[in-house]
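Structural description and commentary
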Amino acid sequence: AHELARRRAQGRVEVEAAGYGRELLEIHTDAAGVSNVRPVGRSPGEPASPSTFEIAPPDRGREKDGPQIIVRLKPERIVHLAVVDVDSKPIPAVHVEVLIKPSEDFRSLVTDDEGKATLRGVHFETGRVDARLTHEDYVSSEDFDRLIDIPRESKESTHRFVLVRAGRITGTVIDATT
C-alpha cells in the first residue's frame, strides 16, 4: 500500500503508516542529478541494504515516532552510447536494453537519428552494465553480451558499439514439395 509522506524542513520526510508486525519499507527517490536509489530495509534491528541507507534511533524526545531512516543520495552516473556501423556511420532506431547489476535494474532505450542514446540515473557505485543491442537490419544478439565498463573516477562516460549489417536472402520457391 502506498502511504502518505509529507516533506518537512531540512529534507526530512514524515511517513504515516499503520503497521502490523514485521514490515518492509521501500523508499523510491526521484531527484534530478542523483542516482535512482531504491533501498529496501527491514524492521528496526535487522540489517539494512548496503550503503544506501541506515536505520537510526529516533531523535531525543521523539522516541514515540520510532526509528529514523537516513538516506544518503549519491550523484548519478550518466552513460552516453553511440552505435555505428563498420564504416562509422550512426545507426538510428537501435533497441538498447541494459541490465544494471546487482540491483537488477532493467532499462530500454532507442538510439536517435545520430545513433546516440543516454542512460541516466545509474547508481554511482555501478562499475559495469550489461547491454543487448538489436536492430532488424544488423546482426543482433539474444544475450546481454555487450559490456559497458564505467570508469570509477568519471560521472559521465561515452561508449561506442559497432554493429555489422545482416545479410538478406531473397528468392522464389519453385517446388515446395522437395
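Residues numbered from 1 in each chain as written. Predicted model: local features only at pLDDT ≥ 70, side-chain atom pairs only at ≥ 80, totals over all residues. Heavy atoms only, no water.

1. Description of the overall build of the protein
- Helix and strand counts for the protein come out as 0 helices and 13 strands.
- Sequence-ordered secondary structure for the protein, helices as α and strands as β, is β-β-β-β-β-β-β-β-β-β-β-β-β.
- Within the protein, the fraction of its 178 residues that count as buried is 30%.
- Sequence-distant contacts, at least 24 apart, represent 50% of the contacts inside the protein between residues at least 6 apart.
- Just so you have it, the protein exposes about 12,500 Å², and 51% of that area is on carbon and sulfur atoms. (Helix = DSSP H or I, 4+ residues; strand = E, 2+ residues; numbered from the N terminus. Buried < 20%, exposed > 50% of the residue type's maximum accessible area, 1.4 Å probe, protein only. Contact = heavy atoms within 4.5 Å. Areas by Shrake-Rupley, 256 points an atom, 1.4 Å probe, with all protein chains shown as cover.)

2. Examining unusual backbone geometry
- If you check the backbone angles, Ser88 has positive phi at about 65 degrees while not being a glycine.
- Within the secondary structure, Ser88 is located in the loop between β7 (77-84) and β8 (95-100).
- A positive phi angle, near 65 degrees, is found at Ala93, a position not held by glycine.
- Its location among the elements puts Ala93 in the loop between β7 and β8.
- Ala93 sits in the partly exposed class, given a relative accessible area of 41%.

3. A short note on the packing of aromatic side chains
- A full pass over the atoms with the stated rule returns 1 aromatic pair.
- Residues Phe106 and Phe144 carry aromatic rings whose centres are separated by 6.3 Å and whose planes lie at 80 degrees to one another, so their mutual orientation is edge-to-face. Separated by 38 residues along the polypeptide, Phe106 in strand β9 (residues 105-110) and Phe144 in the loop between β11 (128-134) and β12 (146-149) bring together distant segments of the chain.
- For Phe106, a relative accessible area of 44% puts it in the partly exposed group.
- Over the aromatic face of Phe124 sits the side chain of Arg77, whose NZ or CZ is 4.4 Å from the ring centroid. (Phe/Tyr/Trp six-rings, centres within 6.5 Å; stacked < 30°, edge-to-face > 60°. Lys NZ or Arg CZ within 6 Å of the ring centre and 35° of its normal.)

4. Regarding the confidence of the model for the protein
- Mean pLDDT for the protein: 76, with 58% of residues reaching 70 or above.
- Element-level mean pLDDT values for the protein span from 44 in strand β4 (residues 40-41) up to 96 in strand β13 (residues 156-162).
- With pLDDT under 50 throughout, residues 37-52 is counted as low confidence; its partners more than four residues away or in other chains account for 37 contacts. (pLDDT = per-residue confidence, 0-100.)

5. Focus on the sheet that holds strand β10 (residues 116-122)
- Sheet architecture is open: 3 strands sit in the order β10-β7-β13, paired in mixed fashion. The open sheet is flanked by β10 and β13, the only strands paired with a single partner. When the angles between neighbouring strand axes are averaged without regard to direction, this sheet yields 20 degrees.
- Relative to β10, β7 runs antiparallel, the two being bridged by 5 bridges. Its bridge partner lying in β10, Leu81 is registered against Ala117. (Pairing = 2+ DSSP bridges. Axes fitted to C-alpha atoms, helices over the stretch in contact; angles between N-to-C directions.)

6. A few points about the pattern of salt bridges
- This structure, assessed with the given rule, holds 5 salt bridges.
- A network of salt bridges, in which partner residues are shared, links Lys101, Arg128 and Asp130. (Salt bridge = Lys/Arg side-chain N within 4 Å of Asp/Glu carboxyl O.)

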